[in-house]
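# Fold and contact review
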Amino acid sequence: MSATTQQLERNFTHRFLTSLRRMNSPDSKTTTTHAAGLVIRRRSLRIKRAAYSSMARAAAGSHRAWTRAVLSRTRSQRRRQQHGVRPNYIIPPSQRRKSVKRAAKLKKKTKKKSVVRRLGRAGKLRELVPGGSRMEMGQLLEETAHYVQCLAVQVRVMQAVADHFSSSM
Amino acid sequence: MSSRRPASRATSSTMSEDEIITDLVLKLQALLPHLNPRQQPSRAQASKVLKETCSYIRKLEKEVDDLSGRLSQLLGTIDPNNQDFDLDSIRSLLQI
């Protein structure tokens, strides 16, 4: 592992663990299993956000466009989670998953063709790399390479943290 | 927050998009672990690398999702003490 990758890994690990420590709350308050599931689900979204923003901050020494895009995305996700779902249309839980899935599928279907036709061969990649839709082709490939590197580090560290926690139980 | 600019307008006038892709795709090849390099850069190879990159990114992002779920469950069941978050754990992690 190169020195810069090692430094990135250390930097990310430190930030990520700091975020996890702030999130730490044993499930003593929840009584029903349903509520516990919700707590776990919500926290997993927070953990995911913490991972991406920790990585974006750790990697930001390179002044990458993707890190800025990630940080703005996590910021708006946090705001959305804090304000919660708007209660004006209540779907019964049995129906909710189906209708959400249907809506997502339709959106994905109508979006895919137009992206590929408009943006050429790298259209899919532009969707995947944060901020990719705004980049010139050369920059897109550079940012992709860096993003992939950082993602791999992120996954490796998260795996190690999870293994560490499971082994210390 | 996506731009409406088509990619063709964004590339430089001296190189076609194809040339840029083929050139820089070699760089990606060097960084992606499981691809076989040492092949003549061609349009087909470049497309393949782009596709593999996309699936690799998707795979990594899915792992982030799964690991976030796993960590959420773990955080719920352990850690009344803060011992696990210390420098100790950071050092042991980096040795992996």
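As the structure is a computational prediction, the values presented were derived from the model and not from experiment. (Residues numbered from 1 in each chain as written. Chains lettered and ligands numbered in written order. Predicted model: local features only at pLDDT ≥ 70, side-chain atom pairs only at ≥ 80, totals over all residues. Heavy atoms only, no water.)

## Some thoughts on the overall build of chain B
- Counting its secondary structure elements, chain B contains four helices and zero strands.
- Along its sequence from the N terminus, chain B presents helices and strands in the succession α-α-α-α.
- In chain B, which comprises 96 residues, the proportion classed as buried is 39%.
- Of the accessible surface of chain B, which amounts to about 5900 Å², a share of 52% is contributed by carbon and sulfur atoms. (Helix = DSSP H or I, 4+ residues; strand = E, 2+ residues; numbered from the N terminus. Buried < 20%, exposed > 50% of the residue type's maximum accessible area, 1.4 Å probe, protein only. Areas by Shrake-Rupley, 256 points an atom, 1.4 Å probe, with all protein chains shown as cover.)

## Points about the overall build of chain A
- A tally of helices and strands in chain A yields six helices and zero strands.
- Per-residue burial for chain A yields a buried fraction of 40% across its 169 residues.
- Contacts spanning at least 24 positions in sequence make up 60% of the contacts within chain A whose residues lie at least 6 apart.
- Taken as a whole, chain A presents about 10300 Å² of accessible surface, with 54% of it coming from carbon and sulfur. (Contact = heavy atoms within 4.5 Å.)

## A closer look at the packing of helix α1 (residues 3-23) of chain A against helix α6 (residues 137-167) of chain A
Residues and elements named next belong to chain A.
- At their nearest, the axes of α1 and α6 sit 10 Å apart, and the two run at 50° to each other. The orientation of α1 with respect to α6, classified from their angle, is oblique. The hand of the α1/α6 crossing is right-handed. Contacts between α1 and α6 involve Thr 5, Leu 8, Glu 9, Phe 12, Thr 13, Phe 16, Leu 17 and Leu 20 on the former and, on the latter, Cys 150, Val 153, Gln 154, Arg 156, Val 157, Met 158, Val 161 and Phe 165.
- Of the residues assigned to the contact of α1 with α6, the class counts are eleven nonpolar, three polar and two charged. (Axes fitted to C-alpha atoms, helices over the stretch in contact; angles between N-to-C directions. Parallel < 35°, antiparallel > 145°, perpendicular 65-115°, else oblique. Left-handed = near helix turned anticlockwise from the far one by under 90°. Nonpolar A, V, L, I, M, F, W, Y, C, P; charged D, E, K, R; others polar.)

## Notes on the packing of aromatic side chains
All names here are of chain A.
- Taken as a whole and assessed by the stated rule, the structure comprises two aromatic pairs over all chains.
- Relative to Phe 16, the ring of Phe 12 lies with its centre 5.4 Å away and its plane at 10°, an arrangement referred to as stacked. In this pair, Phe 12 and Phe 16 both sit in helix α1, four residues apart, roughly one turn of the helix. Neither residue differs from the other here; Phe 12 and Phe 16 are each classed as buried. (Phe/Tyr/Trp six-rings, centres within 6.5 Å; stacked < 30°, edge-to-face > 60°.)

## Quick word on the pattern of salt bridges
- All chains considered together, the criterion is met by seven salt bridges over all chains.
- The shortest N-O distance in the salt bridge between Glu9(A) and Arg156(A) comes to 3.1 Å. Placement of Glu9(A) in helix α1 and of Arg156(A) in helix α6 is noted, with a sequence separation of 147 residues between them.
- Judged by its relative accessible area of 3%, Glu9(A) is buried.
- Classification of Arg156(A) as partly exposed rests on a relative accessible area of 36%.
- Between Lys59(B) and Glu63(B) there is a salt bridge, with its nearest N and O atoms 3.4 Å apart. Here Glu63(B) and Lys59(B) lie together in helix α3 (residues 43-77), a separation of four residues that amounts to about one turn.
- Overall, the relative accessible area of 47% leaves Lys59(B) in the partly exposed class. (Salt bridge = Lys/Arg side-chain N within 4 Å of Asp/Glu carboxyl O.)

## Digging into the side chain of Ser54(A)
Residues and elements named next belong to chain A.
- By the secondary structure assignment, Ser 54 is in helix α2 (residues 33-59).
- What makes Ser 54 buried here is its relative accessible area of 5%.
- When near neighbours in sequence (up to four residues on either side) are disregarded, Ser 54 contacts Phe 12, Arg 15, Phe 16 and Ser 19.

## Some words on the environment of Pro130(A)
Residue and element names in this part refer to chain A.
- If you trace the backbone, Pro 130 turns up in the loop between α5 (123-128) and α6.
- By relative accessible area, which is 5% here, Pro 130 ends up buried.
- Spatially, the C-alpha atom of Pro 130 lies 8.6 Å from that of Tyr 147, the residues being 17 residues apart in sequence.
- Among all residues touching Pro 130, those that are not within four sequence positions of it are Trp 66, Ala 69, Val 70, Arg 73, Met 135 and Tyr 147.

## A look at the confidence of the model for chain A
- Model confidence for chain A is summarised by a mean pLDDT of 81, while 79% of its residues fall at 70 or above.
- Considering each helix and strand of chain A separately, the mean pLDDT is smallest for helix α4 (residues 93-119) of chain A, with a value of 66, and largest for α5(A), with 91. (pLDDT = per-residue confidence, 0-100.)

## Things to note about helix α3 (residues 65-83) of chain A
- Between the first and last C-alpha of α3(A) there are 28 Å, a value that for 19 residues agrees with the 27 Å anticipated at 1.5 Å per step.
- Residues Ala65(A), Trp66(A), Thr67(A), Ala69(A), Val70(A), Leu71(A) and Thr74(A) constitute the buried set of α3(A). (Expected span 1.5 Å × (residues − 1).)

## Some words on the environment of Val49(B)
- Note that Val49(B) resides in helix α3.
- C-alpha of Val49(B) to C-alpha of Thr22(B): the two residues are 27 residues apart in sequence and 9.7 Å apart in space.

## Some words on a positive patch on the surface
Residue and element names in this part refer to chain A.
- Taken together, the side chains of Arg 15, Arg 22, Arg 57, Arg 75, Arg 78 and Arg 79 make up a positively charged region of the molecular surface.
- Looking at the positive patch, the elements with two or more residues in it are α1 and α3.
- A total of three residues in the positive patch trace back to one element, the largest contributor, which is α3.
- In this fold, Arg 75 is placed in helix α3. (Patch = residues over 30% accessible without salt bridge, like charges linked within 9 Å, V, L, I, M, F, W, Y side chains within 5 Å. Lys, Arg positive; Asp, Glu negative; His and termini not counted. Charge placed at Lys NZ, Arg CZ, Asp CG, Glu CD.)

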